[in-house]
Amino acid sequence: MGTHYSEDLYTGVKLFFGKYFVENFHAVMRQNFLLYYANSLIVACCNTIGGLLVSALAGYAFAKYEFKGKKMLFAVVVATLAIPQQLGLVGFVMEMRWIGMNNTLFPLIVSGMANAFGVFWMRQFIESSVPDEIIESGRVDGCKEFGIFFRLIMPIIKPALITIFLLFFLWSWNNYMTPLVMISDQKYYTIPLSIALISSEYRTDYAARILALSMGTIPILILFSFGSKHLIRGLVAGSVKG
């Protein structure tokens, strides 16, 4: 559909490639699409890596450490899964405005780092897949706590890390609500926001928008094609508690 003339899309279902790809591609590129693509990549990568680290460390703490209020705190974390994102959006906007970070990429990066689902998932996986003897052996050998986590635990939980990485990247890449509320300067737009800009002066170019959406799925297709095996393994292992 992205290779056809926009008005031709209403004449029937398009099952074959059209002859309007070059024109639609130029229409997409005229709207600084590469800049928006770069913004989405920066936000998704930083958000995913930060969220992955926070989820893994928090999940490890809940799974293998004993401290006062552990069960209650974990219950609070899990309970936040039932709270819609929109309820906290107003407070988040006010907080970012107070620290002077609104209308930048910073709110988009930090908004998903503290992810309750990621913490829950990593806690379940680590609790069922990491023996306590490995941690004790690391301590006996004189390894520090962070050294134990990064040297001994991380290789074991690789399937869960890849699973969370893929899910976090997908959610961050497709995030529309937070950029819509936080960003007004077009130079900070991400791909979901930039799609609406693809139009001419007198008409809405739906075919060019479809082409832009197709181009926007390329990173997702690449990641899932390489990580699908680990994704399935992580989902199966993380859903079972030993």
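**Observations concerning the overall build of the protein chain**
For step 1, the next point in the chain: When helices and strands are tallied, the protein chain shows 13 helices and 0 strands.
For step 2, the next point in the chain: For the protein chain, the spread of C-alpha atoms along the three principal axes comes to 70 × 45 × 30 Å.
For step 3, the next point in the chain: Within the protein chain, the fraction of its 242 residues that count as buried is 38%.
For step 4, the next point in the chain: When contacts within the protein chain are restricted to residue pairs at least 6 apart in sequence, those whose partners lie at least 24 apart make up 77%.
For step 5, the next point in the chain: The distance from the centre of the 19 positive side-chain charges to the centre of the 14 negative ones in the protein chain is 3 Å.

**Details of empty space enclosed by the protein**
For step 1, the next point in the chain: Applying the stated rule across the entire model yields 1 cavity of 30 Å³ or more.
For step 2, the next point in the chain: Looking at the lining of the largest cavity, the elements with two or more residues in it are α2 (33-64) and α9 (158-173).
For step 3, the next point in the chain: For the lining of the largest cavity, the per-class residue count stands at 4 nonpolar, 4 polar and no charged.

**Observations regarding the packing of aromatic side chains**
For step 1, the next point in the chain: Per the stated rule, a full pass over the model turns up 17 aromatic pairs.
For step 2, the next point in the chain: On the basis of an interplanar angle of 40° and a centroid distance of 6.2 Å, the ring pair of tyrosine 36 and tyrosine 189 is categorised as tilted. With a gap of 153 residues between them, tyrosine 36 in helix α2 and tyrosine 189 in the loop between α10 (177-182) and α11 (191-194) connect regions that are remote in the sequence.
For step 3, the next point in the chain: Overall, the relative accessible area of 14% leaves tyrosine 189 in the buried class.

**Considering the side chain of asparagine 39**
For step 1, the next point in the chain: By the secondary structure assignment, asparagine 39 is in helix α2.
For step 2, the next point in the chain: Beyond its immediate sequence surroundings of up to four residues, asparagine 39 is in contact with Leu105, Lys187, Tyr188, Tyr189 and Thr190.

**Some remarks on unusual backbone geometry**
For step 1, the next point in the chain: Positive phi is not limited to glycine here, since asparagine 32 has a value of about 55°.
For step 2, the next point in the chain: For asparagine 32, the position within the fold is in the loop between α1 (21-29) and α2.
For step 3, the next point in the chain: Not every positive phi belongs to a glycine, and asparagine 103 is a case in point at roughly 65°.
For step 4, the next point in the chain: Here asparagine 103 shows up in the loop between α4 (85-98) and α5 (106-110).

**Some points on the packing of α2 against helix α6 (residues 116-129)**
Packed helices, taken two at a time, are described by the angle their axes make and the gap between the axes.
For step 1, the next point in the chain: The contact between α2 and α6 brings their axes to 7 Å, and the two run at 50°. What the angle tells us is that α2 and α6 run oblique. By crossing handedness, the relation of α2 to α6 is classed as right-handed. Contacts between α2 and α6 involve Ser55, Ala56, Ala58, Gly59, Tyr60, Phe62, Ala63 and Lys64 from the former and Gly118, Val119, Met122, Arg123, Ile126 and Glu127 from the latter.
For step 2, the next point in the chain: A per-class count over the contact of α2 with α6 returns 8 nonpolar, 3 polar and 3 charged.

**Brief notes about the nonpolar core**
For step 1, the next point in the chain: Of all hydrophobic cores here, the largest spans 18 residues; its most connected members are Tyr60, Met122, Ile126, Ile153, Ile157, Leu161 and Ile164.
For step 2, the next point in the chain: Broken down by secondary-structure element, the contributors of at least two residues to this core are α2, α6, α8 (145-156) and α9.
For step 3, the next point in the chain: Those residues in contact with isoleucine 153, other than ones at most four positions away along the chain, are Tyr60, Val130, Ile135 and Ile148.
For step 4, the next point in the chain: Membership of the second largest hydrophobic core comes to 15 residues, among which are Ala44, Ile195, Leu211 and Met215.

**Describing the pattern of salt bridges**
For step 1, the next point in the chain: Summed over all chains, the structure comprises 5 salt bridges.
For step 2, the next point in the chain: In this structure, lysine 64 and aspartate 132 form a salt bridge, with 2.8 Å as the shortest nitrogen-oxygen distance. Note that lysine 64 is positioned in helix α2 and aspartate 132 in helix α7 (residues 132-140), a separation of 68 residues in sequence.
For step 3, the next point in the chain: Assessed through its relative accessible area of 45%, aspartate 132 is described here as partly exposed.
For step 4, the next point in the chain: Linking lysine 70 and glutamate 66 is a salt bridge whose minimum nitrogen-to-oxygen distance equals 3.3 Å.
For step 5, the next point in the chain: Residue class for glutamate 66 comes out exposed when judged on its relative accessible area of 71%.
For step 6, the next point in the chain: Residues participating in the shared-partner salt-bridge network are Glu136, Arg139 and Glu145.

**Let's talk about the layout of surface pockets**
For step 1, the next point in the chain: Taken as a whole, the largest pocket holds about 890 Å³ of empty space.
For step 2, the next point in the chain: What lines the largest pocket is a set of 25 residues, and nearest its centre among them are Gln85, Ser111, Gly112, Ala114 and Asn115.
For step 3, the next point in the chain: For the lining of the largest pocket, the secondary-structure elements that each account for two or more residues are α2, α4, α5, α6 and α9.
For step 4, the next point in the chain: With 4 residues, α4 is the single largest residue contributor to the lining of the largest pocket.
For step 5, the next point in the chain: Here the lining of the largest pocket is built from residues that sort into 15 nonpolar, 10 polar and no charged.

Reading the values: the criteria
- Residues numbered from 1 in each chain as written.
- Predicted model: local features only at pLDDT ≥ 70, side-chain atom pairs only at ≥ 80, totals over all residues.
- Heavy atoms only, no water.
- Helix = DSSP H or I, 4+ residues; strand = E, 2+ residues; numbered from the N terminus.
- Buried < 20%, exposed > 50% of the residue type's maximum accessible area, 1.4 Å probe, protein only.
- Contact = heavy atoms within 4.5 Å.
- Lys, Arg positive; Asp, Glu negative; His and termini not counted.
- Charge placed at Lys NZ, Arg CZ, Asp CG, Glu CD.
- 1 Å grid on protein atoms, 1.4 Å probe; cavity = no way out; pocket = protein on both sides within 12 Å on 5 of 7 lines; lining within 4 Å.
- Points joined across faces, edges and corners; volume = space filled by probe spheres on them.
- Nonpolar A, V, L, I, M, F, W, Y, C, P; charged D, E, K, R; others polar.
- Phe/Tyr/Trp six-rings, centres within 6.5 Å; stacked < 30°, edge-to-face > 60°.
- Axes fitted to C-alpha atoms, helices over the stretch in contact; angles between N-to-C directions.
- Parallel < 35°, antiparallel > 145°, perpendicular 65-115°, else oblique.
- Left-handed = near helix turned anticlockwise from the far one by under 90°.
- Core = buried A, V, L, I, M, F, W, Y, C linked by side-chain atoms within 4.5 Å.
- Salt bridge = Lys/Arg side-chain N within 4 Å of Asp/Glu carboxyl O.

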